[in-house]
Every structure is written in structure tokens, then in C-alpha cells.
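Spelled out, the chains give:
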Number of protein chains: 2
Amino acid sequence: MGESIFGMKRTHRCAEINVSNVGQQVTVMGWTQKRRDLGGLIFVDLRDRSGIVQLVFNNEIDSEVFKKAESIRNEYVLAVTGEVVKRDPETINPKLLTGEIEIIAKELRILSTSETPPFYIEEDTDVNEALRLKYRYLDLRRPDMQRNLILRHKIAKIARDYYDQHGFLEIETPMLTKSTPEGARDYLVPSRVHPGKFYALPQSPQLFKQLLMVSGFDRYMQIVKCFRDEDLRADRQPEFTQIDLEMSFVNVEDVLEINEGFIVKVFEEALGIKLETPFIRMPYQEAMDRFGTDKPDIRFGLELVNVSDLVENCGFKVFADAVKNGGSVRAINAKGGGRHFSRREIDSLVEFVKTYRAKGLAWIVVEENELKSPITKFFNDEEIKAILERVAAEPGDLICFVADKNQVVYDALGQLRLEIARKMDLIDESQFKFLWVTEFPLLEYDEEEKRYVAKHHPFTSPMDEDIKYLDTEPEKVRAKAYDIVLNGTEIGGGSIRIHDQALQSKMFKLLGFTEEQAWDRFGFLLEAFKYGTPPHGGLAFGLDRLVMLMARRSSIRDVIAFPKVQNASDLMTGAPDVVEDKQIEELHIKLSGQ
Amino acid sequence: MGESIFGMKRTHRCAEINVSNVGQQVTVMGWTQKRRDLGGLIFVDLRDRSGIVQLVFNNEIDSEVFKKAESIRNEYVLAVTGEVVKRDPETINPKLLTGEIEIIAKELRILSTSETPPFYIEEDTDVNEALRLKYRYLDLRRPDMQRNLILRHKIAKIARDYYDQHGFLEIETPMLTKSTPEGARDYLVPSRVHPGKFYALPQSPQLFKQLLMVSGFDRYMQIVKCFRDEDLRADRQPEFTQIDLEMSFVNVEDVLEINEGFIVKVFEEALGIKLETPFIRMPYQEAMDRFGTDKPDIRFGLELVNVSDLVENCGFKVFADAVKNGGSVRAINAKGGGRHFSRREIDSLVEFVKTYRAKGLAWIVVEENELKSPITKFFNDEEIKAILERVAAEPGDLICFVADKNQVVYDALGQLRLEIARKMDLIDESQFKFLWVTEFPLLEYDEEEKRYVAKHHPFTSPMDEDIKYLDTEPEKVRAKAYDIVLNGTEIGGGSIRIHDQALQSKMFKLLGFTEEQAWDRFGFLLEAFKYGTPPHGGLAFGLDRLVMLMARRSSIRDVIAFPKVQNASDLMTGAPDVVEDKQIEELHIKLSGQ
């Protein structure tokens, strides 16, 4: 290793020492995990990034070193030179990499002492997170947190190697840029040199990476910090990291292929997991119809079944009306759910779907020779027979129905599907199931703003065969947009961009921008498009989420060294904080309070 | 390559095609560099990131494609399929990688048209920089700008590979952090969630990387954006990029070795240049005495010579007084300068040093059998003999003297040395000469603030043997700090940090912080130091400057994709810019004007 300090030179990291080193003299440096005294012997577990090794201080071998060792407490930083010896068979610790050996200490330097830390440094602590974050530098000493950040380093390194090998150039885009209010809220930075003007921190390098394609760089990638001033959810941070990329002269399939290749490589190299390829490509509409969501978890079945055609004229008004009003009636067959769920549990499922705006949940429990259900009485035998056939019902099944506007049916059954899977323990947590969801709608109608908004962003290209609908039925237009979904979580998405000025202007009109507004916000991009724009498209992965899922954690805070909490503050540094008046004045601003 | 668009699939980048492809059918996509018509033939130079290839459209071979080709203008984006053929010997262009071949076009798609660009896309343009920056996406099409950014990508990639191979982990530190006003001015970000409070953008990850050492990560690196709200100089940007790193359990030499290894590797792999190692290690005081600066350009001699002892009792009052008042008299022998410089040129050198606060410049021109000089009359023969001996004067030499306070003498002669070297053309621009400057003073006395300030930063460790002077003669204390200098430019620097709480508190006292101020600003770091801090140190390279020097450019703007100009604005996007009132109100601030 070659480091040396106070004349001692570290020869190994703690857990790099094993039986092959027996008889050698080694020097290790690290933190005291624990100390045990046994008469004339002191045992110290020394910890560094690699793991733990056991040190032995023997009063008979060296009483001076032994005396010094008596002052050692937890988290003291030590430098120790000694001889590696085999442990007695009965003291071998199979849980430790170094469990077969120990180091008989000959020289000891206490490099730094420690007060008693606010919590014990151990794997999978149950200390509350607020305390962990206040003392993050101690929390990060815990082996699981070290593994998470080491894994994050590996994943980022593999990404850079992979895209470099495929001709991508990492090019840095600005952090101090122009506010383009569309999408989330910008973080603003007041300018000292230009009174009354502000920079914005980028929500993504979108415009810049498209300009790099206009510049002819052909293949761009960047692992880059992005910023959104949103009210935080568990899986959101005000600053987050994207693996961001863009390619010229490509179609949708080209982009999916190259990025699928990255996912395969990173799972193989970082986790030793071989993924099946190609990943499924599933159009948005199919995902909604089969799973009720555009980010389906395909580790299990329980797919939605549309029974609208079978019930539109039935005697059950709730079902018939839903269909007549342009909605639908869809079902999930929870195989074996009839036996698994008690009547009370079924009632709780009814309550569950109501939290997703469904008015209710109709159900049928199929038994050997009867049906238990509050709704069968409204149907004639042919209708029941047809429904049970459609959902492939067998004795023991629980059939659940929601009838409503399509979006409500999708949301309610999509969530119910996950809920039933959890309750019936149908999810194999060891699996990583990817798919591409494609052909997203280009536009969404925003009820609040009473206008269409871009589902992905304003530069997303419509599908060639749908362009004809842009003027007449814009809601029908599908986009060359795609998401990559892992176990029901979206970990990335992108699109082929519009490279035609006329089409881009039409798009802005659809979004309710005047020419002037469009130019005011995106003028430099529209100007650039006048001078020869290659067809191009790209994608961005959410690195924090990808690492979280690969590390099998439930919070992205566990894969970020210094994260912020719900209210966007940093419990360790106290940021954000008050600043000196002089600093504020220089920025030509005042606090509203004053 | 595998990209496909409108049914055509790119098979090669333009300059990847050569004689080995003759007879093959290829498809290329790129920008029109120029078009030439010759009767029934149209020649198009097609450009992409790899370079240029010549396309031939032949009316007799395909009149339809030929017709289409007639509409091609500069910067049109084309997709062309055709056959690779050898050029006639007389039309071979040795300047082009592809100069021996051309492509007979069989299929042409105009992917995008272009208006006439505001300037022609060519190597080493003389277009003024403001226009280049307004149309940066076009400026970046120029081959030299493409080379610069490709080189930058390579350098960053090599850095990550090298430090990864040496056990460094890349760990991301926060961009939204706490303002610690010491050093330059912070960029502030008003918080929407916490009225009256602000985040600061980091001037460097200094505190966080030290906390990562407290956490036991052992070896950290990050290529990271940093921010300084300063009035810009030619070589400064409000946002700049550092290769930032930190190591535990190390001394100064360990840090120098590992980073010297990186420099050697990056020059070898990115430029094919083998550097001599080890780089010179030169203590700060030696650098000042020999070169008058702490960032000496050692590609040439012209070293400073101290003659104070020879003149302190001489008859020339200016010299004698300078020494008596604690200053010095130093000389530079410009070998052959006596012949090279006219009297008028020597006078201009006198004016030159005055711009560096020197009251004047004394000089002697040594000729075969006489001395030309305004000052020799003040000296007796022994004194003159001694001086000429000391500076190894020979006929033809020009000896220049400055007498003043030491700092003035250093500045004036240090600059004069560079000026003479330029005028006498002594600098070999093909050379890359590195050295480490070490043992910097720990403190500087700030005349304005009437207090000591840290020369490097408040966490820098004093040299062990100088700690004893901290209370008595702090200005005498040297630090475990170091800079790496390339051809007279500082490209990086760092230090071993204080890891002892008592010493750190003493340091803050010396810097005039009260306990409270210190804790208010750096409390989380001081708190962390209570729980076992390893000895640690690190360094940061200025990536922009390193790339600039390796690309042999004179401005860092030429190695940054989207740089800002002197007044910190972006001429392309118009950032910073006004924002909507709603955005400002949400941040609980008002513009001072209102």
C-alpha cells in the first residue's frame, strides 16, 4: 500500500490478511471495533474498509505495548505492527474473512482517540435515521453503508467504461444555466454581477445534450447532478444523479439495444447476475391493459382481464353504466385467493381500492359447487359462465372486479394487483425483471391548466404513423418515447427527439406556447435547429434508484453519502442556513420578511 | 455502428473509411463541409466527428440522386450509401485520412437542411469569440474544438481508471450545502421550504472529503464541479471542475507519488509523451529565491541571484538601504542580453518592472573591455568584480538588479525573468516541465483584515518540526502543503490535514476565529474529529487548466463545452436571466430594487 505515517508503513488492509500471511510481519491501520480483556491478554477487533482482523496484545510478550493497549476504547484509530499467526482451532471464527488468523501485536500507535459514539458501529443498525444522518460520518462507517457506496462507485465506473467502449464522449454541461419553467420547479441562484437576474440549476442537461448532437459529437454521456425543488417523497432528493446520454442517427430500437447492453453488463460485473435478453418491449397501452400501470412488476401474474363486453347489457347497473359511460369493467383472478383470504380480509381489499378512487370492489369466491359473492344475483347463468371462463376461474379462486372510468379502473386494479401479490406472497424478491415500455402517449390533457402538456417533454418526437392525428385527435398520437422498468420501478426513460423545425413549432402550439414564449424559453435550441440537425434521441437513468435496487435497499438515502431529508435539509451540516447580511445585499435581494 | 434511420444504417464514420474498404458498399451520415460542381459531377466533403470523406455524385451513374445532390448546401445533414473507390493518383489528398478514396453515391437522403451559418466551420477560425460563444453549437463543430473535448473526455477517463486501479472510490458530495465564508464568495441558493435560509454551492468538497476519511473510506476521488462567485480572470470560470482526492494514513511523499503517477500516465496515454520522473520537489523558499515565484517555469534558466551581502555597505544608497531595511538586492544575468537588447529595449524593461511595484531596475551591460551601466560609478572595483563573479557575467551579458522589500524583488524579478525569456525566445514550447513546490508557509498576514489567514486552508497541518513556533513566530511555520506546477502554471495543490482536535482549535485561534465562530462554521467537522480521525491528506487538480495546457490552448474556454464570459454570463442561453415574479416570491425574497 505504501502509505506511511509516524514511521510506520501500512502493509495490508485488515481483511486482506489470511493464512497465506502466517509468519509474516504486517502493519495494519484502522478503527477499534471492540476490545476484550482476558487476564494477561487483550483482544482488539480492528476495522477498516476491507473488514475486520483480530489483534492480540500479550503482557508476557511485550508489557509496554500491553500497557498502551489497556487505554484502547471503541473507535480509537490504531496503527499496529505484529506477526500473523494461526488461531487455535477452537477460536477460529468462520464469520470473518480473517477468522483463521490473528496478529500478535509488537508495536502500537494510537493515532487518534474517540469519545463514546452516539451509536454502536454495526451492520443493519436499528438506530433511528435522524440520528444516523446527524452523525452521517459515523453511520458511513457501518459495513452495509460502506458496501452500498462501494457498489455505487462500481456501477458508475462500469457505466463509464461501457459507454466509452461504445464511442460515447463524457462532456460536462453547465450547472449555472437558464430557467426554463416547464416541468418541475427550478432552484434559482441570484446573480451578483447582473442585478435582478438569476441562474437556474439544471433539472436535466436536456437542451445541452441536444445541442451537442447539433454540434456533431454523435454520442454523448454524462453522469451528472440534476436539481428539482419539489416537495420530497421517500424516493426523491432535491439533488439527484442521472446517467444521461444522447445519440445521433438512431431510431428507438438502437437506443434500447445499447442501453440494454449496459444493464446486462452492470448486473454481471457488479452483482454477478446474468440477465435474460432481450428485455420485453411492451407498448404503453398493453402495459395498462394487462397490469393497470406503465411500470408493471412482471415478477408475478395476476393480470387484468377486460370483461366490459360481457357485462355492458347485464342487470348489474354499476357494471352496465360504467361501460355505457365509456369506462370499463375489468377483473383480476387471484388464483387460490378464495381459500387464502377470509371474509374480513376481502372487505379490507374493498377498502384498499377505495383509496384509489374506485367506488367499490365487486368479488366472487369460487368454491367447488357454489359461488360466494354479493353480485352474482344480478347476473344470469350465461353471463356468469362467460365471465368465469374469461378469467379462467377454478375452485378456490377469488375474482375481483372494478367498474369505472378507465383510468380509475387501471389505478385501482393495478394497485390491488400489487396488494394481493404481497398478501399472498407471490413476489420472488431474488428476481430482477426488466422490461421496456414503449409508445407512450405524446400528450396528456392537464385539467388544471386546461391544455395539453407533454407526457415526456416538448422535444419528444411523435411516431411517424401518428403525425397525421396531431391536428385532429392529438390525444391519439403516440410518441417515440420509452421507459425502462425494473421490478415495478421506473429506473430510466427517454425518447427520440424532434429534429424538424416545423414539427417542433407545431408541437409548441399544441402545448399552448405562443411563438414568443417558445423562443423566449428555448430560443437558442430553435435557433440551433436552423443549421443542420441530425436525427437524435437519448435516455437518462436515475442512478440513485438503480443503485438502491441493486443494493436491495428500500431508500435512496442509503446509497447517497450525504443525503437530505424530507424537508430538503441536511441534518449534519444544517444546510440550508442563515447567511451574513452582507452576502444577501451583494446579490441585490432582500428577505421578504424585511 | 448499427444506427439506422429512415431505413438507412450507418456503417462507418467518415474518416474510418480507407483503401481497405475499396469495393465495399458503405453508408455514412454527417454534415456538408463543402460542395463543388464539375459539369456532370458533384463533389461533397462530408464531415462527422471522425473527419471528412469525399462523396461523388455522378449524373451518368444516377441522374435522380444527382438532381437531389444539386440542392445540397453547406452544413446540410446527409445520409449517403455508395461504393468506396480509389481516387485517381492526381486527385489524392494527402492532408485527409481518407485522401486516397472517395464514395460514389448511390443513395442520398437529406436528413436536415441548414441556413447559411454565421461563420464558416473550419479549423483555427479567427471569428471573434463573442460570436463563437453565441453560436457555440456551431463553434463546437470545428475540428479543433472537437479535438479539445475529445481530449478532455480521455483525460477524465484515464483519471478515473488510474485512481480506481489504486483503490480510490468515487463518492459524490452534495452540491446544495452550507455557506462557510472563508476564502472566495459563495454562490447562494434561496430555500423555498426554509424562509430566509440559503444553500451554498460548494467552492470545493473539502469538508466532505475529510468526513469521508473520518468514515473510513480510506481513498476518495471525485471529478466534481466547484463554484466561486469571483470577478473573473481569463483563466477563471464561475463553475470549474476539479479532480479531487483524499487519502488516509499518508504523509506528504505518499500523496505526491500517487499523483505524479497519474500525471505520467495521462501524458503517456492521452498525448503519447513520456515524462521524466521523479518530478523535482522544491521547497517554497528555494522557489522564491531562485525564480521569484512559487510557480516557477523551469523550461529555462535566468535564475535570480542574491547579491545583498556584496552591496549592503556599498556607496549606492538605493542598494545599501534596501538591505539595511530588511529587504534585498537580487540580480538576473540575461546571458547574451547585452547584445540582444538595444538601449531602448532595456529602458522598456525598466518600465516593465515598475508595473510590479519596483522603484526601478539597475543594469549592467558587459562588453569585451568595458561595462555600460548607469550604476557602476557608485561601486568600487572590488564590489563590481564580486558582483560580476557572483552572477557569472561574461561579455555580451545583461545584468539586471532590483533592490527593495523581498516580496517586491521577488515579484519584479520573477516577472522580468519571464519577460526576458519571451523577448529572447528562450522558452521551448514543446516541453512539459513539472515540479512539486512544497513546504509553503502555513499563514499569511492579511494587511486588510489585520489578521493571519491560512495560505492553503484552515485544516492544513503545520510541519512537525515547526509546531513549536505556532505561539511565538507563526509566520515562520511551514505547512505540509504542496502545489504541482506545469510550465509556470499551478495545476493542482493540496496538503496533509490536521487530524488533532487541540491543534485544530489552536489553528482557528491563530486565524482569529472565536470558538463560537469556528463551531458555527465547521462544527460538524470538529464534532466528527471527536470520534477517531485517521491522519489524512489530499490534493485537487484543476481539470480545466490541465486540459488547456495538454491541448496547448491559451484559454480554458476552449476546453469547456459551454463556458461563461468575463461577466459570468452565457452568451448562448442568455443566463443569468430574469425569472417570473411567482418564482421569486416562492423563495421568500424580493429584488432590492423593489
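All figures in this text were calculated on a predicted structure; none of them were measured in a lab.

Chemist: Tell me about the overall build of chain A, residues and numbers included.
Modeler: Looking only at helices and strands, one finds 17 helices and 25 strands in chain A. With respect to the principal axes defined by its C-alpha atoms, chain A has extents near 95 × 75 × 55 Å. With 594 residues in all, chain A has 60% of them scored as buried. Restricting to contacts in chain A with at least 6 residues of sequence separation, those with at least 24 account for 67%. Working note: accessible area of chain A is about 23,900 Å², and carbon and sulfur atoms make up 49% of it. Where the 80 positive side-chain charges of chain A centre and where its 98 negative ones centre are 2 Å apart.

Chemist: Summarise the side chain of Glu170(B); cite the residues concerned and give the values.
Modeler: Residue and element names in this part refer to chain B. Within the secondary structure, Glu-170 sits in strand β8 (residues 169–170). Since its relative accessible area comes to 15%, Glu-170 is described here as buried. At 3.1 Å, the side chain of Glu-170 forms a polar contact with the backbone nitrogen of Ile-223.

Chemist: Got a sec to walk through the relation of the copies chain A and chain B? Specific residues and values, please.
Modeler: The two copies are related by a screw motion: chain A maps onto chain B through a turn of 180 degrees and a shift of 0.0 Å along the axis, at an RMSD of 0.1 Å. Seen this way, the second copy is the image of the first under a two-fold rotation axis. Residue by residue, 100% of the interface of chain A is reproduced at the interface of chain B, so both copies engage with the same surface.

Chemist: Tell me about the nonpolar core, residues and numbers included.
Modeler: Counting 85 residues, the largest nonpolar core has Tyr137(A), Leu398(B), Leu416(B) and Ile420(B) as the members making the most contacts within it. Considering every element that reaches this core, the biggest residue donor is helix α13 (residues 406–423) of chain B, with 8 residues. Contacts of Leu416(B), omitting those with residues within four sequence positions, involve Leu349(B), Phe352(B), Val353(B), Leu361(B) and Cys400(B). Met213(A), Ile332(A), Phe352(A) and Tyr531(A) belong to the second largest nonpolar core, which has 83 residues in total.

Chemist: Tell me about helix α16 (residues 543–550) of chain A, and name the residues and values.
Modeler: Residue and element names in this part refer to chain A. The buried fraction of α16 amounts to 8 of the 8 residues, a majority that puts the element mostly inside the structure. Listing the buried residues of α16 in full gives Leu-543, Asp-544, Arg-545, Leu-546, Val-547, Met-548, Leu-549 and Met-550. Where α16 terminates, the next one or two residues include Arg-552, which has phi positive at roughly 55 degrees.

Chemist: Would you mind going over the packing of helix α4 (residues 143–165) of chain B against helix α6 (residues 252–271) of chain B in detail, with residue names and values included?
Modeler: A pair of packed helices can be characterised by two numbers: the angle between their axes and the separation between those axes. Residue and element names in this part refer to chain B. At a minimum axis separation of 10 Å, α4 and α6 run at an interaxial angle of 140 degrees. Relative to α6, the element α4 lies oblique. Crossing geometry of α4 relative to α6 is assigned as right-handed. In this structure, α4 uses Leu-151, Ile-155, Ile-158, Ala-159, Tyr-162, Tyr-163 and Gln-165 to contact α6, whose residues at the interface are Ile-258, Asn-259, Gly-261, Phe-262, Lys-265, Val-266, Glu-269, Ala-270 and Leu-271. A breakdown of the residues in the contact of α4 with α6 according to their chemical character gives 11 nonpolar, 3 polar and 2 charged.

Chemist: So what about helix α15 (residues 515–528) of chain A? Which residues, and what values?
Modeler: Between its terminal C-alpha atoms α15(A) stretches only 16 Å, short of the 20 Å expected from 14 residues at 1.5 Å a residue. A maximum bend of about 95 degrees is found in α15(A) at Phe522(A). Within the span of α15(A), buried status applies to Ala518(A), Arg521(A), Phe522(A), Gly523(A), Phe524(A), Leu525(A), Leu526(A), Glu527(A) and Ala528(A). In this structure, the buried residues of α15(A) make contact with α5 (206–214) and α14 (501–510) of chain A together with α3 (136–139) of chain B.

Chemist: How would you sum up the sheet that holds β8(B)? Please name residues and give values.
Modeler: All names here are of chain B. One open sheet holds the 8 strands; their spatial order is β8-β11-β12-β24-β23-β22-β19-β13, and the pairing between them is mixed. Where the open sheet ends on each side, the last strands, each with one partner, are β8 and β13 (280–283). Here β8 runs beside strand β11 (residues 219–227); their pairing, made up of 2 bridges, is parallel. Along β11, the bridge assignment pairs Glu-170 with Met-221. This element, helix α7 (residues 284–291), spans β13 and β19 (434–438) of the sheet and lies at about 90 degrees to β13.

Chemist: Which residues make up the environment of Asp294(A), and what are the values?
Modeler: Residues and elements named next belong to chain A. Considering the arrangement of structural elements, one finds Asp-294 in the loop between α7 (284–291) and β14 (304–306). Each C-alpha atom of the pair Asp-294 and Val-318 lies 27 Å from the other, and the pair is 24 residues apart in sequence. Each residue touching Asp-294, except ones within four places of it in the same chain, is listed here: Tyr-284, Ala-287, Met-288, Val-437, Phe-440, Lys-455 and Val-485.

Chemist: Would you mind going over the domain arrangement of chain A in detail, with residue names and values included?
Modeler: What the domain assignment lists for chain A is domain 1 (14–112), domain 2 (146–282 + 435–581) and domain 3 (300–427). The C-alpha centroid of domain 3 of chain A is placed 64 Å from the C-alpha centroid of domain 1 of chain A.

Chemist: A description of the UniProt feature "binding site: ATP" (unreviewed entry) in chain A should follow, citing residues and the corresponding values.
Modeler: All names here are of chain A. Listed under "binding site: ATP" (unreviewed entry) in the UniProt record, and renumbered for this structure, are Arg-228, Asp-229, Glu-230, Gln-237, Glu-490, Gly-542, Leu-543, Asp-544 and Arg-545. Its location among the elements puts Glu-490 in strand β23 (residues 489–496). On the basis of relative accessible area, Glu-490 is assigned to the partly exposed category, the value being 30%. Tracing the backbone through its elements, the reader meets Arg-545 in helix α16. From its side chain, Arg-545 meets the backbone oxygen of Glu-490 in a polar contact 2.8 Å long.

Chemist: Any chance you could break down the pairing of strand β5 (residues 51–58) of chain B for me, citing the residues and the numbers?
Modeler: Here is the key point about a regular strand: its side chains alternate between the two faces of the sheet. All names here are of chain B. Burial of β5 is extensive: 8 of the 8 residues sit out of reach of the surface. Burial of the side chains of β5 extends over both faces: Gly-51, Val-53, Leu-55 and Phe-57 are buried on one face and Ile-52, Gln-54, Val-56 and Asn-58 on the other. Note that strand β4 (residues 41–48) and β5 share 8 bridges and pair antiparallel. What sits directly across from Leu-41, in β5, is Asn-58. Bridge count for β5 against strand β7 (residues 101–112) is 2 bridges, and the pairing is parallel. The residue bridging Val-56 from the neighbouring strand is Ile-104, located in β7.

Chemist: How would you explain the interface of chain A and chain B if you had to name every residue and give the values?
Modeler: Listed as interface residues are 126 residues of chain A and, on the opposing side, 128 residues of chain B. The interface formed by chain A and chain B holds 19 salt bridges in total. A salt bridge links Glu580(A) to Arg521(B); the nearest nitrogen and oxygen atoms lie 3.5 Å apart. Where chain A touches chain B, the interface holds 67 residue pairs in polar contact (both at pLDDT 80 or more). Considering every element that reaches the side of chain A that touches chain B, the biggest residue donor is helix α4 (residues 143–165) of chain A, with 9 residues. Residue classes in the side of chain A that touches chain B are distributed as 59 nonpolar, 31 polar and 36 charged. Alignment of strand β25 (residues 589–591) of chain A against strand β25 (residues 589–591) of chain B, held across 3 bridges, turns out to be antiparallel. Bridge pairing in β25(B) places Ile589(A) opposite Leu591(B).

The rules behind each value
Residues numbered from 1 in each chain as written. Chains lettered and ligands numbered in written order. Predicted model: local features only at pLDDT ≥ 70, side-chain atom pairs only at ≥ 80, totals over all residues. Heavy atoms only, no water. Helix = DSSP H or I, 4+ residues; strand = E, 2+ residues; numbered from the N terminus. Buried < 20%, exposed > 50% of the residue type's maximum accessible area, 1.4 Å probe, protein only. Contact = heavy atoms within 4.5 Å. Areas by Shrake-Rupley, 256 points an atom, 1.4 Å probe, with all protein chains shown as cover. Lys, Arg positive; Asp, Glu negative; His and termini not counted. Charge placed at Lys NZ, Arg CZ, Asp CG, Glu CD. Polar contact = N/O pair within 3.5 Å; in protein donor to acceptor, adjacent residues only side chain to side chain. Least-squares fit on C-alpha atoms with pLDDT ≥ 70 in both. Core = buried A, V, L, I, M, F, W, Y, C linked by side-chain atoms within 4.5 Å. Axes fitted to C-alpha atoms, helices over the stretch in contact; angles between N-to-C directions. Parallel < 35°, antiparallel > 145°, perpendicular 65-115°, else oblique. Left-handed = near helix turned anticlockwise from the far one by under 90°. Nonpolar A, V, L, I, M, F, W, Y, C, P; charged D, E, K, R; others polar. Expected span 1.5 Å × (residues − 1). Bend = angle between axes of the 7 residues up to and from the residue. Pairing = 2+ DSSP bridges. Domains from an automatic or database assignment. UniProt positions renumbered as here; feature names shortened; annotations may be inferred. Salt bridge = Lys/Arg side-chain N within 4 Å of Asp/Glu carboxyl O.

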